[in-house]
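Each chain is listed here by its residues.
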Amino acid sequence: MEEAKGEVRHVLLAKFKDGLSEDEIDQLIKGYANLVNLIPPMKSFSWGKDVSIENLHQGFTHIFESIFESTEGIAEYIGHPAHVEYANLLLPQLDKVLVIDYKPTVVHL
């Protein structure tokens, strides 16, 4: 197995608070997606809703994934004023949140 040479993925699992409308959730997601235009170390952003049939989601309903060139890029992202401002909007709207950063590993068989 070979660890990626720098690329780091930032994964956030979320459960939005009950009572938020789909439009409010959509606006929060658009705000998150826009960070890729504002914060240079953030190279890409994708998201989705849980569709698993295993029922192991532990209440999490949405996943957000961003790709960075390095762990230093994530540190820059976390401290960036645009991220701080957005996090102050998003976090109060969540019942649950889990964040994991990882370097993808390639398996050679």
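Within each chain, residues carry numbers counting from 1 in the order of the written sequence. It should be noted that, the model being predicted, local features are given only for residues of pLDDT at least 70 and side-chain atom pairs only at 80 or more, the latter also being counted only at that level, while totals for whole chains, interfaces and linings use all residues. To obtain the side-chain values, all non-hydrogen atoms of the structure were used and water was disregarded.

A. Region of the structure containing a nonpolar patch on the surface. On the surface, Leu-91, Val-97 and Val-99 cluster together to form a nonpolar patch covering roughly 240 Å² of accessible area. Secondary structure elements are defined from DSSP: runs of H or I of at least 4 residues count as helices, runs of E of at least 2 residues count as strands, and each element is numbered from the N terminus. Tracing the sequence through the fold places Leu-91 in the loop between helix 3 (81-90) and strand 5 (94-102). Residue classification places Leu-91 among the partly exposed residues on the basis of a relative accessible area of 45%. Exposure above 30% relative accessible area and the absence of a salt bridge qualify a residue for a patch, where like charges join within 9 Å and nonpolar side chains (Val, Leu, Ile, Met, Phe, Trp, Tyr) within 5 Å. Residue burial considers only the protein chains on display, and all accessible areas are found by Shrake-Rupley using a 1.4 Å probe. Throughout this description, the term salt bridge denotes a Lys or Arg side-chain nitrogen within 4 Å of a carboxyl oxygen of Asp or Glu. Each residue is assigned to one of three classes by its accessible area relative to the maximum for its type, calculated with a 1.4 Å probe on protein chains only: buried under 20%, partly exposed between the two thresholds, exposed over 50%.

B. Looking closely at the packing of helix 2 (residues 71-79) against helix 3. One way to put it is that helix 2 packs onto helix 3 with a least axis distance of 5 Å and a crossing angle of 60°. Between helix 2 and helix 3, the angle is such that the two are oblique. Contact residues: Tyr-77, Ile-78 and Gly-79 in helix 2; Pro-81, His-83 and Val-84 in helix 3. Throughout this entry, Asp, Glu, Lys and Arg are counted as charged residues, while Ala, Val, Leu, Ile, Met, Phe, Trp, Tyr, Cys and Pro are counted as nonpolar. The remaining residues, Gly among them, count as polar. Each residue belonging to the contact of helix 2 with helix 3 can be placed in one class, and the counts come to 4 nonpolar, 2 polar and no charged. With axes taken as lines fitted to C-alpha atoms, and helix axes fitted only over the stretch in contact, angles between N-to-C directions fall between 0 and 180 degrees. For this classification, under 35 degrees means roughly parallel, over 145 means roughly antiparallel, 65 to 115 means roughly perpendicular, and everything else is oblique. Residue contacts are defined here by distance: any two heavy atoms, one from each residue, within 4.5 Å place the two residues in contact.

C. Broad picture of the sheet that holds strand 2 (residues 8-16). For two strands to be treated as a pair, DSSP must find at least two bridges joining them. Across the sheet, 4 strands lie side by side as 3-4-2-5; this open sheet has antiparallel pairing. Looking at strand neighbours, the two that pair on one side only are strand 3 (42-49) and strand 5, the edges of this open sheet. Averaged over all adjacent pairs, the angle separating strand axes in this sheet is 15°, with direction ignored. Across the sheet, helix 1 (residues 22-38) lies against strand 2, strand 3 and strand 4 (62-68), angled at about 160° from strand 3, the strand it touches most. Relative to strand 2, helix 2 is tilted by about 40°, and along the sheet it contacts strand 2, strand 3, strand 4 and strand 5.

D. Region of interest: helix 1. Counted at 1.5 Å a residue, the expected span for helix 1 with its 17 residues is 24 Å, and the 25 Å between its end C-alpha atoms agrees. Those residues of helix 1 lying buried are Ile-25, Leu-28, Ile-29, Tyr-32 and Leu-35. With its buried residues spanning 95° around the axis, helix 1 presents them on a single face. Across helix 1 from its buried face, at more than 90 degrees, point the exposed residues Asp-23, Lys-30 and Asn-37. Each residue after the first adds 1.5 Å to the expected span of a helix. Here the arc refers to the set of directions running from the helix axis out to each C-beta atom.

E. Structural detail: the UniProt feature "domain: Stress-response A/B barrel" (unreviewed entry) in the chain. The residues that UniProt annotates with the feature "domain: Stress-response A/B barrel" (unreviewed entry) are residues 8-102. Measuring from the first to the last C-alpha atom of residues 8-102 gives 6 Å, for a span that is 38% helix and 35% strand. UniProt positions are given in the numbering used here, feature names are shortened, and annotations may be inferred rather than shown by experiment.

F. Quick peek at the pattern of salt bridges. Summed over the entire model, instances satisfying the criterion amount to 6 salt bridges. Between Asp-18 and Lys-15 there is a salt bridge, and its shortest N-O distance comes to 3.5 Å. Across the salt bridge formed by Lys-15 and Asp-95, the nearest N and O atoms sit 3.4 Å from each other. Here the residue Lys-15 occupies a position in strand 2, and Asp-95 occupies one in strand 5, the gap between them amounting to 80 residues. Here the salt bridges do not stand alone but share partners, grouping Glu-7, Arg-9 and Glu-65 into one network.

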